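Inside the fold
Listed below are the residues making up each chain.
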Amino acid sequence: MTQPRIAFIGAGNMASSLIGGLRAQGLPADAIRASDPGAEQRARVAAEHGIQVFENNAEAVQGAEVVVLAVKPQVMKGVCQALAPSLSDGQLIVSIAAGITCASLENWLGPRPLVRCMPNTPALLREGVSGLYANARVSAAQKAQAEQLLSAVGLALWLEEERLIDAVTAVSGSGPAYFFLLIEAMTAAGERLGLPRDTAARLTLQTALGAARMAVSSDVDAAELRRRVTSPAGTTEAAIKTFQAGGFEALVEQALDAAAKRSAELAEQLGQ
Ligand SMILES: NC(=O)c1ccc[n+]([C@@H]2O[C@H](COP(=O)([O-])OP(=O)(O)OC[C@H]3O[C@@H](n4cnc5c(N)ncnc54)[C@H](OP(=O)(O)O)[C@@H]3O)[C@@H](O)[C@H]2O)c1
């Protein structure tokens, strides 16, 4: 694979994680640049990754093959409108901003090859997962470049339709918090059963990690793994039946519906 020159607009947490991931994959520091109005952020990414940094976004994109928009959604419109005259034809634009549609980006930047991504917070530990959507102007080589970029911080999965980004937001974008909620609830329940809080927390966390690792490495699905650990009339069955009697699956469905709906509403607001 060729090593594209990548410019990051915004040098915050997510940009820094992506840059760290790319460097760990072997991309040389001189193939990466970043711009940010914050002197502290610039100094931090320059020191951490040895890359060139700029105060001015227009300077950072000169000669770059890939431009990664890594600013907060709320400032994206202004950033794009100011940057548009400095972009050259054929540059791939990758946006990682939540809730900013390709239509909004095209309104602000003009017609361009665009990849819209929805990463999640574990990307900060390179354990993320992202949904990616490419518009029709993106070439196969550019798709490979975008995939290489997001793969640097976890799993990258392509979507055929942009509207599915709302579903990705509901499943994996907001998903870490659902697991945190379950961890909180299990820790509290363990404590009520008499365990010291720290012990309850460590038992819960290691169980979450172990279960996730088992599910990821298994060749059967989660339902089958669950069946295998649920003996008739046993302790696990007693708990699972209680979850199901309380409408667990329906509640999860409603929660994800609410997240997807909110994602679509935010995209509508942010695009104005
Ligand atoms: N963090 C996550 O887990 C996560 C997950 C999914 C998607 N995302 C998306 O990733 C994007 C970045 O998130 P983040 O968590 O990395 O945010 P962040 O840490 O706040 O990074 C954004 C950076 O952009 C800088 N910035 C502000 N205005 C700018 C401008 N005009 N030109 C260039 N840079 C500018 C900010 O500087 P100041 O701080 O000085 O304003 C900040 O350093 C967001 O759009 C978010 O939706 C993040």
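Residues numbered from 1 in each chain as written. Predicted model: local features only at pLDDT ≥ 70, side-chain atom pairs only at ≥ 80, totals over all residues. Heavy atoms only, no water.

Residues Ile-32 and Ala-34 point to one face of strand S2 (residues 32-35) and Arg-33 and Ser-35 to the other, with burial holding for every one of them. Direction of pairing for strand S1 (residues 6-9) relative to S2: parallel, over a ladder of 4 bridges. Each bridged residue has a counterpart across the sheet, and for Ile-6 the counterpart in S2 is Ile-32. In this fold, the crossover linking S1 to S2 by way of helix H1 (residues 13-24) has right-handed handedness. Taken together, S2, helix H2 (residues 39-49) and strand S3 (residues 52-54) form a β-α-β motif whose crossover is right-handed. (Buried < 20%, exposed > 50% of the residue type's maximum accessible area, 1.4 Å probe, protein only. Helix = DSSP H or I, 4+ residues; strand = E, 2+ residues; numbered from the N terminus. Pairing = 2+ DSSP bridges. Right-handed = clockwise from strand over helix to strand, strands pointing away.)

Attention now moves to the pairing of strand S7 (residues 128-134). Two faces make up the sheet, and in a regular strand the side chains alternate between them. Most of S7 is tucked away: 7 of the 7 residues are buried. In this structure, S7 lies alongside strand S8 (residues 154-158), joined through 5 bridges in parallel fashion. Counted as the bridge partner of Leu-132 is Trp-158 from S8. What joins S7 to S8 is helix H6 (residues 140-151), and the crossover it makes is right-handed.

Domain assignment breaks the protein chain into domain 1 (6-168) and domain 2 (175-266). Relative to domain 2, the C-alpha centre of domain 1 lies at a distance of 33 Å. Counting the contacts that link domain 1 with domain 2 gives 1 residue pair in polar contact (both at pLDDT 80 or more). Of the residues assigned to the side of domain 1 that touches domain 2, the class counts are 1 nonpolar, 2 polar and 1 charged. (Domains from an automatic or database assignment. Polar contact = N/O pair within 3.5 Å; in protein donor to acceptor, adjacent residues only side chain to side chain. Nonpolar A, V, L, I, M, F, W, Y, C, P; charged D, E, K, R; others polar.)

A few words on the sheet that holds strand S4 (residues 66-69). With mixed pairing, the 8 strands of this open sheet are ordered in space as S3-S2-S1-S4-S5-S6-S7-S8. Every other strand in the sheet has two partners, leaving S3 and S8 as the edge strands with one partner each. Each adjacent strand pair in this sheet contributes to an overall mean axis angle of 20°, direction not counted. Here H1 sits on the sheet and contacts S1 and S2; the angle it forms with S1, its principal contact strand, is near 160°. (Axes fitted to C-alpha atoms, helices over the stretch in contact; angles between N-to-C directions. Contact = heavy atoms within 4.5 Å.)

This part covers the pattern of salt bridges. Under the defined criterion, the tally for this structure stands at 11 salt bridges. Between Glu-106 and Arg-137 there is a salt bridge, and its shortest N-O distance comes to 3.2 Å. Remark: Arg-137 occurs in the loop between S7 and H6 and Glu-106 occurs in helix H5 (residues 102-109); sequence separation between them is 31 residues. Residue class for Glu-106 comes out partly exposed when judged on its relative accessible area of 24%. (Salt bridge = Lys/Arg side-chain N within 4 Å of Asp/Glu carboxyl O.)

Moving on, we come to the packing of H1 against H2. Between H1 and H2, whose axes approach to 11 Å, the crossing angle comes to 15°. Classed by the angle they form, the pair H1 and H2 counts as roughly parallel. Crossing hand, H1 versus H2: right-handed. Residues Asn-13, Ser-16, Ile-19, Gly-20 and Arg-23 of H1 form the contact with H2, whose own contacting residues are Arg-44, Val-45, Glu-48 and His-49. Considered class by class, the residues forming the contact of H1 with H2 number 2 nonpolar, 4 polar and 3 charged. (Parallel < 35°, antiparallel > 145°, perpendicular 65-115°, else oblique. Left-handed = near helix turned anticlockwise from the far one by under 90°.)

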